[in-house]
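Observations on the model geometry
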Amino acid sequence: PSSHLPRRPRGRLPPRSTVQGPVSMESTQSDVRRLLQKDAAAEYKAHTEELIAAMRAEADSRTGKEHHEERTAKGKAIWELRSQGRYIDACRVVQGLEP
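When its secondary structure is counted, the protein shows three helices and zero strands. Put simply, the protein runs from its N terminus to its C terminus through helices and strands in the order α-α-α. Contacts in the protein between residues far apart in sequence, at least 24 positions, make up 58% of those at least 6 positions apart. Carbon and sulfur atoms form 55% of the exposed surface of the protein, whose accessible area is close to 8800 Å².

Written out as structure tokens, the structure reads:
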């Protein structure tokens, strides 16, 4: 019975069809919203990472025992930025996950 069926070549699978049927207006709007959300999240993430890099550079430039408290304060500020819900959500959205 299966001898009359064509054999599928081993290895790579055939490409999927790009035709997916009718597109509803709601799905198009949600796709656009998702793209805008991803762009905004990427922008916020980049901005926050620039702030973190600047704060880390400033903390690293302060050496010595006399600057210990300042370095600790900068470290806490960096931790607060990285633990903000908005930053965490932005990182997840950029990765393609749900916030």
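Let's pick the thread back up.
In terms of nonpolar packing, the biggest core is built from six residues, these being Ala 41, Tyr 44, Tyr 87, Ala 90, Cys 91 and Val 93. Looking at this core, the elements that each hand over two or more residues are α1 (25-61) and α3 (85-94). The leading source of residues in this core is α3, at four residues. When sequence neighbours within four positions are dropped, the list of residues in contact with Tyr 44 reads Gln 84, Arg 86, Tyr 87 and Ala 90.

Quantified by volume, the largest pocket comes out at close to 220 Å³. Along its surface, the largest pocket is lined by Ser 30, Arg 33, Arg 34, Gln 37, Lys 38, Val 93, Gly 96, Leu 97, Glu 98 and Pro 99. Looking at the lining of the largest pocket element by element, the count peaks at five residues for α1. Among the residues making up the lining of the largest pocket, the classes are represented as three nonpolar, three polar and four charged.

Turning to the pattern of salt bridges, a few remarks are in order. The full count for this structure, using the stated rule, is four salt bridges. With a shortest N-O distance of 3.3 Å, Lys 45 and Glu 49 are connected by a salt bridge. One end of the pair is Lys 45 and the other is Glu 49, both in helix α1 and four residues apart, which spans about a single turn. What emerges from the salt-bridge pattern is a single network uniting Glu 58, Arg 62, Glu 70 and Lys 74.

Quick notes on the rules
Residues numbered from 1 in each chain as written. Predicted model: local features only at pLDDT ≥ 70, side-chain atom pairs only at ≥ 80, totals over all residues. Heavy atoms only, no water. Helix = DSSP H or I, 4+ residues; strand = E, 2+ residues; numbered from the N terminus. Contact = heavy atoms within 4.5 Å. Areas by Shrake-Rupley, 256 points an atom, 1.4 Å probe, with all protein chains shown as cover. Core = buried A, V, L, I, M, F, W, Y, C linked by side-chain atoms within 4.5 Å. Buried < 20%, exposed > 50% of the residue type's maximum accessible area, 1.4 Å probe, protein only. 1 Å grid on protein atoms, 1.4 Å probe; cavity = no way out; pocket = protein on both sides within 12 Å on 5 of 7 lines; lining within 4 Å. Points joined across faces, edges and corners; volume = space filled by probe spheres on them. Nonpolar A, V, L, I, M, F, W, Y, C, P; charged D, E, K, R; others polar. Salt bridge = Lys/Arg side-chain N within 4 Å of Asp/Glu carboxyl O.

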